[in-house]
Amino acid sequence: MALTAVGSIAFDSVRTPFGERERMLGGSAVHFSLAASFFTDVRVVGPVGDDFGPDELSVLESRGVITDDIERVEGGRTFFWRGHYEYDMNVAHTDDTQLNVFAEFDPKLSGAARQAQMLFLGNIQPELQRNVRDRCREAEFAGLDSMNLWIDTARDSLVSAIADVDCLLLNDAEIRELTGEANLARAARAAMRMGPKVVVAKRGEYGAALFSGDEFFAIPGFMLEDVRDPTGAGDTFAGGFLGYLDSRRGAGESPFDHEALRQAMAYGSVLASFNVEDFGTDRVRSLTREEIGHRLSEFRRFTHFDAEPSRT
Ligand code: AMP
């Protein structure tokens, strides 16, 4: 049974100190699905407009992502995001967000999408995340990502969506903003009291921290000399993380197991490190399993972390 992922399917216009691109394929569900496809079957849910063509679809399909639940809205336009980064590429500056077809989206959700045992609610309006969560009750493990825009404009709805998932993945600054706690450990514990048993604080190039039960685990980012575009790194991390957990779940292990969660953190970090090497989806769409295995070995050496590379 494929993992179901909902989130934005987007065109992104991005400027970084290393270049500029117009209307690249992007969106939280797209970056997530491409990364997760290295570990498990993924079904992506979301609307697109007339401007979304066969070239965009083929990027997903060439990685085996199931696209039957992508709904084309006649006469509509695909979600659009414009952003830029300064030299500190850990902080994205949003210049424009156009929800377009997402504004009125009421997902049909095929039977297969509803029966998924692993669910990812990627960054999009919290009402939509709740809608999908409510209709995918079979999920044994549901993860949710969001951003400051929704904390600022739809906090109550976001808090309800968070209450109904197992794992919250947010940037460290967003967890602080959500909970009003300045200290990250306290903020993560406050987020856990909202409902999720697992909280992942993403920390850009500095890696990520995991809180589950009373346990704590932190992992650095993979040290890269060339970072061109960090857009989608968080979603790519989530794709490596949940995709790996789903592969372990398929092998009969619990996605709540702390050891599995630690390994998932390493895969998330490694996948995200590829994403930032080039603009948009350019690097991940040409990535191979061998490259993932190789970088995981380097990552182990560099962190003294005992992630098992043969599990890719
Ligand atoms: P990140 O992984 O945080 O870098 O996410 C980047 C992706 O999020 C881009 O591909 C954007 O299309 C998408 N995005 C940006 N703003 C929003 C938003 N308000 N809702 C949903 N997706 C968004």
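This text goes with the structure placed above it.
This report concerns the structure included in the present document. Computed from a prediction, not measured in an experiment: that's the story for all the values here. (Residues numbered from 1 in each chain as written. Predicted model: local features only at pLDDT ≥ 70, side-chain atom pairs only at ≥ 80, totals over all residues. Heavy atoms only, no water.)

**With respect to the site of the ligand**
As a structural note, the neighbourhood of the ligand is formed by 20 residues, with Ser8, Asp12, Gly27, Gly232 and Asp235 the closest of them. Within the backbone of Asn123, one N or O atom sits 3.4 Å away from a nitrogen atom of the ligand. Expressed as a share of its isolated accessible area of 510 Å², the protein-covered part of the ligand is 89%. Mapped onto the shell around the ligand, the elements with two or more residues apiece are β2 (10–16), β6 (79–84), α5 (148–153) and α9 (233–250). (Near = heavy atom within 4 Å. Polar contact = N/O pair within 3.5 Å; in protein donor to acceptor, adjacent residues only side chain to side chain. Areas by Shrake-Rupley, 256 points an atom, 1.4 Å probe, with all protein chains shown as cover. Helix = DSSP H or I, 4+ residues; strand = E, 2+ residues; numbered from the N terminus.)

**Some points on the environment of Val165**
Within the secondary structure, Val165 is located in the loop between α6 (155–163) and β10 (167–171). For the pair Val165 and Asp51, spaced 114 residues apart in sequence, the C-alpha separation works out to 33 Å. Filtering out sequence-adjacent residues up to four positions away, Val165 remains in contact with Leu121, Arg133, Ala142, Leu144, Gly195 and Pro196. (Contact = heavy atoms within 4.5 Å.)

**Let's talk about the nonpolar core**
Generally speaking, a soluble globular protein has its nonpolar side chains buried in company with each other. Val200, Phe241, Leu242, Leu245 and Met265 are the most contacted members of the largest nonpolar core, which totals 56 residues. Leave out the neighbours within four places in its chain, and Leu245 touches Met118, Phe141, Pro255, Ala260, Leu261 and Ala264. Within the second largest apolar cluster, 41 residues are counted, among which are Met24, Phe102, Val132 and Leu168. (Core = buried A, V, L, I, M, F, W, Y, C linked by side-chain atoms within 4.5 Å. Buried < 20%, exposed > 50% of the residue type's maximum accessible area, 1.4 Å probe, protein only.)

**Remarks on helix α8 (residues 184–193)**
Taken together, the buried positions of α8 are occupied by Leu184, Ala187, Ala188, Ala190, Ala191 and Met192. Lining the buried residues of α8 we find β10, α7 (172–179), β11 (198–202) and β12 (208–212). For α8, the side-chain oxygen to backbone nitrogen distance between the N-cap and Ala185 is 2.9 Å, and the N-cap itself is Asn183. Positive backbone phi, at 150°, marks Gly195, one or two positions downstream of α8.

So yeah, pure geometry; function would need other evidence.
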